[in-house]
Amino acid sequence: MERIKENILQVKSNIIKSCKKANREDSEVQLIAVSKYQPIEALMEAYEAGCRDFGENKVQELLVKYEQMPEDTRFHMIGHLQRNKVKSIIDKVVMIHSVDTLALAEEISKEALKKNLIVDVLIEVNVAMEDSKFGLSPDKVKDFVKEIAKLPGISVKGLMTIAPFTMNEEENRIYFHKLHQLAVDIKHENIDNVMVDLLSMGMTGDYCIAIEEGASFVRVGTGIFGERS
Ligand SMILES: *Cc1c(COP(=O)(O)O)cnc(C)c1O
């Protein structure tokens, strides 16, 4: 558990270094502690070390932890989300990073209206076109965003990607660069009700490169909590 605090300090110092290298303000990058499969004690340790943003990828687990964590904890839904689970988390997360079908967006819109909310979302893009991954192929994103823009109760804030697993983080630079470029292209369309300023990209193995390429959220799990059991 002591390690968690040390790890967070290390990650934060790496974030600052990468920002310097890229000429960015470190306030532009938000660290999300990915706490999936971790016990509540581990989340509390990270909380005590100053973390407020946590990423979970399973609805049930997120709901349990939501009840147990202090009120100012912010949960991000970063995993694949089924339509029938939208209702239960929609008022408990600050952002859904993984919107990748119109049906899911419509469900979020419908439930948001019932609760009088505007839900911030990111569009998940499968930049590397891996068969194993969720997310839209890059060429579909622009039209998709235009469709979502018409829905009430849901607000597109940016894009998210999960880069391929690699031992050499430099190999993922091209995917982060592509996601950034895609966001810039969509911004130029000036679609009403759409902001594509935020990029959720970079995990333990590649977050420094992601920051150099413009990440706004980095999602770090094992780099903070150690290996998941
Ligand atoms: C698990 C997970 C992470 C964190 O992965 P690490 O390699 O442990 O940092 C980030 N993003 C998503 C979507 C995840 O599911």
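See the structure above.
Quick look at the structure, then.

Reading guide: rules and limits
Residues numbered from 1 in each chain as written. Predicted model: local features only at pLDDT ≥ 70, side-chain atom pairs only at ≥ 80, totals over all residues. Heavy atoms only, no water. Helix = DSSP H or I, 4+ residues; strand = E, 2+ residues; numbered from the N terminus. Rg over C-alpha atoms; globule rule 2.2 N^0.38 Å. Contact = heavy atoms within 4.5 Å. Areas by Shrake-Rupley, 256 points an atom, 1.4 Å probe, with all protein chains shown as cover. Lys, Arg positive; Asp, Glu negative; His and termini not counted. Charge placed at Lys NZ, Arg CZ, Asp CG, Glu CD. Core = buried A, V, L, I, M, F, W, Y, C linked by side-chain atoms within 4.5 Å. Buried < 20%, exposed > 50% of the residue type's maximum accessible area, 1.4 Å probe, protein only. 1 Å grid on protein atoms, 1.4 Å probe; cavity = no way out; pocket = protein on both sides within 12 Å on 5 of 7 lines; lining within 4 Å. Points joined across faces, edges and corners; volume = space filled by probe spheres on them. Nonpolar A, V, L, I, M, F, W, Y, C, P; charged D, E, K, R; others polar. Salt bridge = Lys/Arg side-chain N within 4 Å of Asp/Glu carboxyl O. Polar contact = N/O pair within 3.5 Å; in protein donor to acceptor, adjacent residues only side chain to side chain. Pairing = 2+ DSSP bridges. Right-handed = clockwise from strand over helix to strand, strands pointing away. Axes fitted to C-alpha atoms, helices over the stretch in contact; angles between N-to-C directions. Parallel < 35°, antiparallel > 145°, perpendicular 65-115°, else oblique. Left-handed = near helix turned anticlockwise from the far one by under 90°.

1. Focus: the overall build of the protein chain
Line of reasoning, step 1. The helix and strand inventory of the protein chain stands at nine helices and eight strands.
Line of reasoning, step 2. At 17 Å, the protein chain has a C-alpha radius of gyration in line with the 17 Å of a compact globule built from 229 residues.
Line of reasoning, step 3. Based on the C-alpha atoms only, the size of the protein chain along its principal axes is roughly 45 × 40 × 35 Å.
Line of reasoning, step 4. Summarising the internal contacts of the protein chain: among those between residues at least 6 apart in sequence, 59% fall at separations of at least 24.
Line of reasoning, step 5. Carbon and sulfur atoms make up 50% of the accessible area of the protein chain, which totals about 11,300 Å².
Line of reasoning, step 6. Computed over 30 positive and 37 negative side-chain charges, the inter-centroid distance for the protein chain is 2 Å.

2. Considerations on the nonpolar core
Line of reasoning, step 1. Counting residues in hydrophobic clusters, the biggest one holds 68 residues, and the most contacted among them are Phe-54, Val-99, Ile-108, Ile-123 and Leu-159.
Line of reasoning, step 2. Discounting chain neighbours no more than four positions away, the residues touching Ile-123 are His-97, Val-99, Leu-136, Val-141, Phe-144, Val-145, Ile-148, Val-156, Gly-158, Leu-159 and Met-160.
Line of reasoning, step 3. Formed by five residues, the second largest nonpolar core is a distinct cluster that contains Ile-32, Met-95, Leu-122 and Phe-217.

3. Observations regarding the layout of surface pockets
Line of reasoning, step 1. A volume near 630 Å³ is recorded for the largest pocket.
Line of reasoning, step 2. Forming the walls of the largest pocket are 26 residues, and the residues nearest its centre are Lys-36, Ile-162, Met-203, Arg-219 and Arg-228.
Line of reasoning, step 3. Grouping the amino acids of the lining of the largest pocket by side-chain chemistry returns nine nonpolar, nine polar and eight charged.

4. Points about unusual backbone geometry
Line of reasoning, step 1. Positive phi values are uncommon outside glycine, yet Met-129 reaches one of about 55 degrees.
Line of reasoning, step 2. When you line up the elements, Met-129 lands in the loop between strand 5 (119-124) and helix 6 (141-149).
Line of reasoning, step 3. The residue Asn-193 is not glycine, and still its phi comes out positive at about 70 degrees.
Line of reasoning, step 4. Among the structural elements, Asn-193 can be located in the loop between helix 7 (173-187) and strand 7 (194-200).

5. Observations regarding the pattern of salt bridges
Line of reasoning, step 1. For the structure shown, the criterion picks out 19 salt bridges.
Line of reasoning, step 2. When the shortest N-O distance is used, the salt bridge between Lys-21 and Glu-212 registers 3.2 Å. Linking Lys-21 in helix 1 (residues 2-21) with Glu-212 in helix 8 (residues 207-212), this pair joins segments that are 191 residues apart in sequence.
Line of reasoning, step 3. Take Lys-21: its relative accessible area is 63%, and that puts it in the exposed class.
Line of reasoning, step 4. A salt bridge links Glu-189 to Lys-146; the nearest nitrogen and oxygen atoms lie 3.1 Å apart. Of the two residues, Glu-189 is situated in the loop between helix 7 and strand 7 and Lys-146 in helix 6; the sequence distance between them amounts to 43 residues.
Line of reasoning, step 5. You can call Glu-189 partly exposed: its relative accessible area is 34%.
Line of reasoning, step 6. By relative accessible area, Lys-146 is classed as partly exposed at 33%.
Line of reasoning, step 7. Counted as one network, the salt bridges with shared partners bring together Lys-21, Glu-170, Arg-173, Glu-212 and Glu-213.

6. Details of the side chain of Arg-219
Line of reasoning, step 1. Within the element layout of this structure, Arg-219 appears in strand 8 (residues 217-220).
Line of reasoning, step 2. Polar contacts involving the side chain of Arg-219 include one to the side chain of Ser-200, which spans 2.9 Å.

7. What to know about the pairing of strand 1 (residues 30-34)
Line of reasoning, step 1. Summarising burial for strand 1: four of the five residues are buried, a large majority.
Line of reasoning, step 2. Strand direction decides the pairing type here: strand 1 and strand 8, joined by four bridges, are parallel. Bridging from a neighbouring strand, Leu-31 pairs with Val-218 of strand 8.
Line of reasoning, step 3. Note that strand 1 and strand 2 (residues 53-56) share two bridges and pair parallel. Looking across to strand 2, one finds that Val-34 is bridged to Gly-55.
Line of reasoning, step 4. Read as a crossover between parallel neighbours, the route from strand 1 over helix 2 (residues 40-48) to strand 2 is right-handed.

8. Some words on the packing of helix 6 against helix 7
Axis angle and axis distance: for two packed helices, these are the angle between their axes and the distance between the axes, and together they describe the pair.
Line of reasoning, step 1. As a packed pair, helix 6 and helix 7 sit with axes 10 Å apart at the nearest point and diverge in direction by 50 degrees. Considered as vectors, helix 6 and helix 7 are oriented oblique to each other. Classified by chirality, the crossing of helix 7 by helix 6 is right-handed. Of helix 7, the residues touching helix 6 (which contributes Val-141, Lys-142 and Val-145) are Leu-182, Asp-185 and Ile-186.
Line of reasoning, step 2. Each residue belonging to the contact of helix 6 with helix 7 can be placed in one class, and the counts come to four nonpolar, no polar and two charged.

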